[in-house]
Amino acid sequence: MSSDSSKKRKPKVIRTDGAPQESKRSRADPDQDVKYYSEEVEVELRDPSKDYELYKQTCQELQRLMAEIQDLKSKGSRDSAVAIEERRIQSCMHFMTLKKLNRLAHIRLKKGRDQTHEAKQKVDAYHLQLQNLLYEVMHLQKEITKCLEFKSKHEEIDLVSVDEFYKEAPPEISKPDITLNEPHQQTLARLDWELEQRKRLAEKYKECLANKEKILKEIEVKKEYLSSLQPRLNSIMQASLPVQEYLFMPFDQAHKQYETARHLPPPLYVLFVQANAYGQACDKKLAVAIEGSVEEAKALYKPPEDSQDDESDSDAEEEQTTKRRRPTLGVQLDDKRKEMLKRHPLSVTIDLKCKDDSVLHLIFYYLMNLNVMTVKTKVTTATEMATPISAGDLLSPGSLLNCLYPGDHGKRTPNPANQFQFDKVGILTLSDYVADLGHPYVWVQKLGGLHFPKDQPQHTVTADNSLSASHMEMTMKLLRMRLQSRLALHKQFASLEHGIVPVSSECQHLFPSKVVSRLVKWAALPYEDYLELSYTKDVVEAGLAEDTHLYYTALVERGTAKLQAAVVLNPGYSSIPPIFNLCLNWKGEKTNSNDDNIRAMESEVNVCYKELCGPKPGYQLLTNQLQRLCVVLDVYLETESHDTSVEGPKEFPQEKMCLRLVRGPNRMKPFKYNHPQGFFSHR
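Small disclaimer: the values here were computed from a predicted structure and weren't measured. Counting restarts for each chain, with residues numbered from 1 along the sequence as it is written. The predicted nature of this model means local features are confined to residues of pLDDT at least 70 and side-chain atom pairs, given and counted, to a pLDDT of 80 or more, with totals for whole chains, interfaces and linings taken over all residues. Only heavy atoms go into the side-chain values, all of them from the structure, while hydrogens and water stay out.

Draft legend 1. Expanded view of a nonpolar patch on the surface. Here, patches come from residues exposed beyond 30% relative accessible area and free of salt bridges, joined within 9 Å for like charges and within 5 Å for nonpolar side chains (Val, Leu, Ile, Met, Phe, Trp, Tyr). Shrake-Rupley sampling with a 1.4 Å probe provides the accessible areas, and residues are treated as covered by the protein chains on show and by no other component. We count a salt bridge whenever a side-chain nitrogen from Lys or Arg sits within 4 Å of a carboxyl oxygen from Asp or Glu. There is a patch of nonpolar side chains on the surface, built from Ile89, Met93 and Met96 and spanning about 320 Å² of accessible area. Secondary structure follows DSSP: runs of H or I at least 4 residues long count as helices, runs of E at least 2 residues long count as strands, and numbering of each begins at the N terminus. Take Met96: it is sitting in helix α5 (residues 80–149).

Structure (structure tokens):
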């Protein structure tokens, strides 16, 4: 048996986890039949579910064997050792089975991981390929969008219309047989025609440039000639100055004035031109001139020169000033008011000369932000005149030109838009500033061509030459009449304050040769005091007494009788007569409310004023009214009946010849003087 076993040996089995190794194979005898066992191959042949069932059975067997061994050991018999050994061997076999199953499980796990890794690599490769494809798709979409949004340069060219193209283009370019059916060929043909036209225009442009250069050269030659001519003309003008002065033809001075007038604002320019034209055509005694700083006027229209250095310096200065002191609200409002009431640097002066060599100086200003004109006045006389106390307001700048036209007192701005501007800076009315700025009379605006309609407001008011021309003549006549009437009143007031009523020789026939009553007092009366007089209420209620009028009081005496007269002098004197209110203090106080004869005396002075005007223009009206007042007072006193209860001679003996002393139930006295008969009668 032993010899047979030695002859026939069992093949050796080599266990390996991987592929058979070459080194081990080289060590074995080539005569021996060697078989290799690979668990990886076995894993592929075995069913994992059966291995799982085998694993559970093996575990159950192990539990059973362990329980039996524990029972046998607990009995402690001598025969149980053999049984325990057998069971121990069986348990070891089961443990070997478990180890093999564990190795097979690990091999399966490793193969599963390898397969998963290979699958992940394939998925990653596919994902990368997908990303590349998506990027290519996005790139292609962008290119497609660019192609769709592509705009050719020819779309920016304004081509002629299709009808005009086929009408004007030659057949060699239009090719109607091809282009009418193919839009692309039609566009190409239109572009060719456009190119052809532009070539022609380019040639014309070159020709025009050549002509332009030629003309510019001619202009330069003429400029050189004119520049050389200017010094010659200046020398000729300089040499002709004595001739101009001798012939009273100041061409050089007029030329300088017109050069300065270019910088006037439109209203002042219209006034300057129209006043100059009126003076040359109708009034040789009217002189027009321009005053002010021309450089400041030029600076108004120059654009501000901006420089970084100046700005930085000004900013630094502003920061320093703001750090030092912040202007208060009142200071800011004052600055805004000054800016709003700012006048133009240039002004126009008009001098109106009268026959007695007295001159009315008018200085016209323009308020740039308010778009209105103002005027200041000054009067100079040939000889120095004594100024009476009562004549203080006659020639004052504030009242001299009041109501030159009815209702035009010059205290309010004629521009309705100014009120909204005043509200922003806290100006209540312009009358508080007229002393410095001048009066904004309506006639001043019209002389400058400005018109501010109230019923139809306009956004912008521009200077109109025709408006200025239509008002120039009448206004100049009214200004000269106003100056002459005020100068006449000025002279008359000097006599009236000394108790003398001056009556000219042309007016002597209006009064009897002997007038006993005399003027004792002549003085100015404040407007408030006039309103408080009891015998002036009817004039105040009738609206004939305004604050723009001049008020005076006169006192006429004869014996114990005193006649007080309150006089309202309208600014339009002598075209508008003065109004007298009388109060006689003799045997009580008598006024027009309690004595009909006092009312008749007022009527003689106020209603019958046309008899007292005298020779035109009627500047003797006021003194003639005062003289008539003295005459009617004589008639009133001399025609009073004598009181027989009083002894002695009559206080006022009758010296005037009257046809009838009284008439009618009201016992009216004869106040009408009849010349040349020299008697008084009733009206």
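So, next bit.
Draft legend 2. Examining helix α23 (residues 621–638) more closely. Here a helix's expected span is defined as the number of its residues, less one, multiplied by 1.5 Å. With 18 residues, α23 should cover 26 Å at 1.5 Å per step; its first-to-last C-alpha distance of 26 Å lies within 8% of that length. Counting buried residues along α23, 18 of its 18 residues qualify, which places the element largely inside the surrounding structure. Each residue's exposure class comes from its accessible area (1.4 Å probe, protein chains only) as a fraction of the maximum for that residue type: buried when under 20%, exposed when over 50%, partly exposed otherwise.

Draft legend 3. Main features of the pairing of strand β9 (residues 561–569). Among the nine residues that make up β9, seven are buried, leaving the element largely enclosed by the rest of the structure. One requirement defines pairing of two strands: DSSP has to find at least two bridges between them. Two elements, strand β8 (residues 550–558) and β9, share nine bridges in a ladder whose sense is antiparallel. What sits directly across from Leu555, in β9, is Gln564. Bridge count between β9 and strand β10 (residues 579–585): seven bridges; the pairing is antiparallel. Bridge assignment links Ala566 to a residue of β10, and that residue is Asn581.

Draft legend 4. Representation of the packing of helix α4 (residues 48–75) against α5 in the model. Axis lines are fitted to C-alpha atoms, over the contacting stretch for helices. Their N-to-C directions set the angle, which ranges from 0 to 180 degrees. Running from N to C, α4 and α5 cross one another at 155°; their axes reach a closest spacing of 9 Å. Relative to α5, α4 is oriented roughly antiparallel. Relative to α5, α4 is oriented so that their crossing is left-handed. Orientation labels follow simple angle bins: below 35 degrees gives roughly parallel, above 145 gives roughly antiparallel, 65 to 115 gives roughly perpendicular, and whatever is left gives oblique. Take the far helix as your reference; a near helix turned counterclockwise from it by less than a right angle gives a left-handed crossing, and one turned clockwise gives a right-handed crossing.

Draft legend 5. Region of interest: the sheet that holds β10. Read across the sheet, five strands follow the order β7-β8-β9-β10-β11 without closing on themselves; strand pairing throughout is antiparallel. The open sheet has two free edges, formed respectively by β7 (518–524) and β11 (589–591), since each of these has just one partner strand. Looking at each pair of strands side by side, their axes are set apart by 20° on average, direction ignored. As paired elements, β10 and β11 share three bridges and run antiparallel to each other. Bridge pairing in β11 places Leu584 opposite Lys590.

Draft legend 6. Here's a closer look at the packing of helix α22 (residues 596–606) against α23. α23 packs onto α22 with a crossing angle of 150° between their chain directions and a minimal axis gap of 9 Å. Overall, the two elements α22 and α23 adopt an arrangement that is roughly antiparallel. Where α22 crosses over α23, the handedness of that crossing is right-handed. Listed contacts from α23 to Asn597, Ile598, Met601, Glu604 and Val605 of α22 are Gln625, Arg628, Leu629, Val632, Leu633 and Tyr636. Per-class residue counts for the contact of α22 with α23 are seven nonpolar, two polar and two charged. Residues are treated as being in contact if the distance between any of their heavy atoms lies within 4.5 Å. Put simply, Ala, Val, Leu, Ile, Met, Phe, Trp, Tyr, Cys and Pro go in the nonpolar bin, Asp, Glu, Lys and Arg in the charged bin, and everything else, Gly too, in the polar bin.

Draft legend 7. View of the packing of aromatic side chains. Aromatic pairs are defined between Phe, Tyr and Trp rings, using the six-membered ring for Trp, whenever the two ring centres lie within 6.5 Å; interplanar angles under 30 degrees are classed as stacked, those over 60 as edge-to-face, and all others as tilted. Evaluated as defined, the whole model comprises 10 aromatic pairs. Measuring from ring centre to ring centre gives 5.6 Å for Tyr441 and Trp443, while their planes differ by 15°; the resulting arrangement is stacked. Pair check on accessibility: Tyr441 and Trp443 agree, each one buried. Here the aromatic rings of Tyr527 and Tyr551 are separated by 5.3 Å at their centres, their planes lie at 40°, and the arrangement is tilted. Placement of Tyr527 in helix α20 (residues 527–532) and of Tyr551 in strand β8 is noted, with a sequence separation of 24 residues between them. Accessibility expressed as a relative area gives 4% for Tyr551, which makes it buried.

Draft legend 8. Representation of unusual backbone geometry. Between Tyr573 and the following residue, Ser574, the backbone shows a cis peptide bond with an omega angle of 15°. Following the sequence through the fold, Ser574 ends up in the loop between β9 and β10. A cis amide bond links Lys616 to the next residue, Pro617, at an omega of 10°. Here Pro617 is to be found in the loop between α22 and α23. At Lys175, a residue that is not glycine, the phi angle is positive and equals roughly 45°. Looking at where Lys175 falls in the secondary structure, it is placed in the loop between α7 (171–174) and α8 (176–179). Taking the relative accessible area as the measure of exposure, Lys175 reaches 43% and is therefore partly exposed.

Draft legend 9. How the structure looks around the sheet that holds strand β13 (residues 672–674). If you walk across this open sheet you meet the three strands as β12-β14-β13, and the pairing is mixed. Two strands bound the open sheet, and with one partner strand each, they are β12 (657–658) and β13. Bridging between β13 and strand β14 (residues 679–681) involves three bridges; their strand directions are antiparallel. Bridge pairing links Lys672 to Ser681 in β14.

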